[in-house]
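Listed below are the residues making up each chain.
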Number of protein chains: 2
Amino acid sequence: MAKDIFHETVKIALQKDGWTITADPLTLKLSKRKIFIDLAAEKLVMAQKNNQKIAIEIKSFVGFSLLTDFYHALGQYQLYFLALKKEYPDWTLYLAMPAETYQILQSDDLLAEFLGELQLHYLIFDTTKQEIKQWIN
Amino acid sequence: MAKDIFHETVKIALQKDGWTITADPLTLKLSKRKIFIDLAAEKLVMAQKNNQKIAIEIKSFVGFSLLTDFYHALGQYQLYFLALKKEYPDWTLYLAMPAETYQILQSDDLLAEFLGELQLHYLIFDTTKQEIKQWIN
């Protein structure tokens, strides 16, 4: 499977911000069963800066439907969160999302509230400048 | 958009179990923005029995990837949960899932734990007998 189109963008943005990429990709032990093999297709990037350790799920949100892409990202985040806690308990998981996407989601009242309630960590990046725009914890 | 292939199956199963279908479909106010219009394509069924009121998200899980289908169902459930709480605070949301699907997900250690942690309500149905097999709260 082709890497996410903003995979390199997010790596560059992290490096500009002083992070060292320590794993690309990180493959979590999710399942050995064939029926779940698609799990293995999506991988995380790990980065470190001083004592901070983060794992990043990178999403481009370029699919047919923004909501469908978001549901997918959300489901993966929640499953990865559980898997990461087992294998790498001291790493924090972030969902990397283009600034435009975050803005669109936030422009809707219900979705903005939904984002707030989910308690995910977001890394919002500027796709043109290839820079980190905002960390949301 | 075509209704979910098990839409009627779940309705029949509920009726056999003594439920009255009170809304089919229930359209929640999710968003008026065109970009989120796909939200409107998926609808809930509402049913009542004595004083119990439930809203059901029906999923067939017949897509290419079980996990992708599950992520989608999960994301929708969480968003619907929020919307339902606002408009119909005394209704409980259930995700209707074929027994085969639930069994496959449960057969994987990590996914079984994941299902447990999510705190969703499931209505597991038998696709052949068109009956409710299990309520999971």
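What counts, and where the lines are drawn
- Residues numbered from 1 in each chain as written.
- Chains lettered and ligands numbered in written order.
- Predicted model: local features only at pLDDT ≥ 70, side-chain atom pairs only at ≥ 80, totals over all residues.
- Buried ≥ 20, exposed ≤ 12 C-beta atoms within 10 Å, placed from the backbone.
- Helix = DSSP H or I, 4+ residues; strand = E, 2+ residues; numbered from the N terminus.
- Arc of directions from axis to C-beta.
- Contact = placed C-beta atoms within 7 Å.
- pLDDT = per-residue confidence, 0-100.
- Nonpolar A, V, L, I, M, F, W, Y, C, P; charged D, E, K, R; others polar.
- Least-squares fit on C-alpha atoms with pLDDT ≥ 70 in both.
- Pairing = 2+ DSSP bridges.
- Axes fitted to C-alpha atoms, helices over the stretch in contact; angles between N-to-C directions.
- Core = buried A, V, L, I, M, F, W, Y, C linked by C-beta atoms within 7 Å.

A few words on helix α1 (residues 7-16) of chain A. Residue and element names in this part refer to chain A. Of all the positions in α1, only T9, V10, A13 and L14 are classed as buried. Within α1, the buried residues cover an arc of 130° as seen down the axis, which keeps them to one side. Taken together, the buried residues of α1 touch β1 (20-26), β2 (44-49), β3 (52-58), β4 (92-98), β5 (122-126) and β6 (131-136). Of the residues trailing α1, G18 is marked for its positive phi of about 90°.

Of the residues in chain A, 90% reach a pLDDT of 70 or more, and the chain-wide mean stands at 88. Here the predicted complex carries an ipTM of 0.85, next to a pTM of 0.89.

The next thing to look at is the interface of chain A and chain B. Taken together, the contacts link 27 residues of chain A with 27 residues of chain B. Elements with a minimum of two residues in the side of chain A that touches chain B: α2 (66-87) and α4 (109-118) of chain A. Residue contributions to the side of chain A that touches chain B peak at 12 residues, all from α2(A). Among the residues forming the side of chain A that touches chain B, the class breakdown is 16 nonpolar, 6 polar and 5 charged.

The next point concerns the relation of the copies chain A and chain B. Between chain A and chain B, which share one sequence, the superposing operator has a rotation angle of 180° and an axial displacement of 0.0 Å; the RMSD is 0.0 Å. The symmetry that links the two subunits is that of a two-fold axis. A symmetric contact is evident, with 100% of the interface residues of chain A recurring at the interface of chain B.

Okay, the sheet that holds β6(A) next. Residue and element names in this part refer to chain A. If you walk across this open sheet you meet the 6 strands as β1-β2-β3-β4-β5-β6, and the pairing is mixed. The open sheet has two free edges, formed respectively by β1 and β6, since each of these has just one partner strand. Each strand axis lies, on average, 30° off the axis of its neighbour in the sheet, ignoring direction. Pairing geometry for β3 and β4, over 5 bridges, is parallel. Of the residues in β4, the one forming a bridge with I56 is Y94. Of the strands in this sheet, β1, β2, β3, β4, β5 and β6 touch α1, which is tilted by about 160° from β1.

The next thing to look at is the nonpolar core. By size, the foremost hydrophobic cluster in this structure holds 72 residues, and its most contacted members are A:I56, A:A96, B:I56 and B:A96. Setting aside its immediate chain neighbours within four residues, A:I56 contacts A:V10, A:L44, A:V45, A:A47, A:Y94, A:A96 and A:L123.

Residues and elements named next belong to chain B. An order of β1-β2-β3-β4-β5-β6 is seen for the 6 strands of this open sheet, with the pairing classed as mixed. Lying at the two open borders of the sheet, with one neighbouring strand each, are β1 (20-26) and β6 (131-136). Here the average twist between neighbouring strands, direction ignored, is 30°. Pairing of β1 with strand β2 (residues 44-49) involves 4 bridges; the strand directions are antiparallel.

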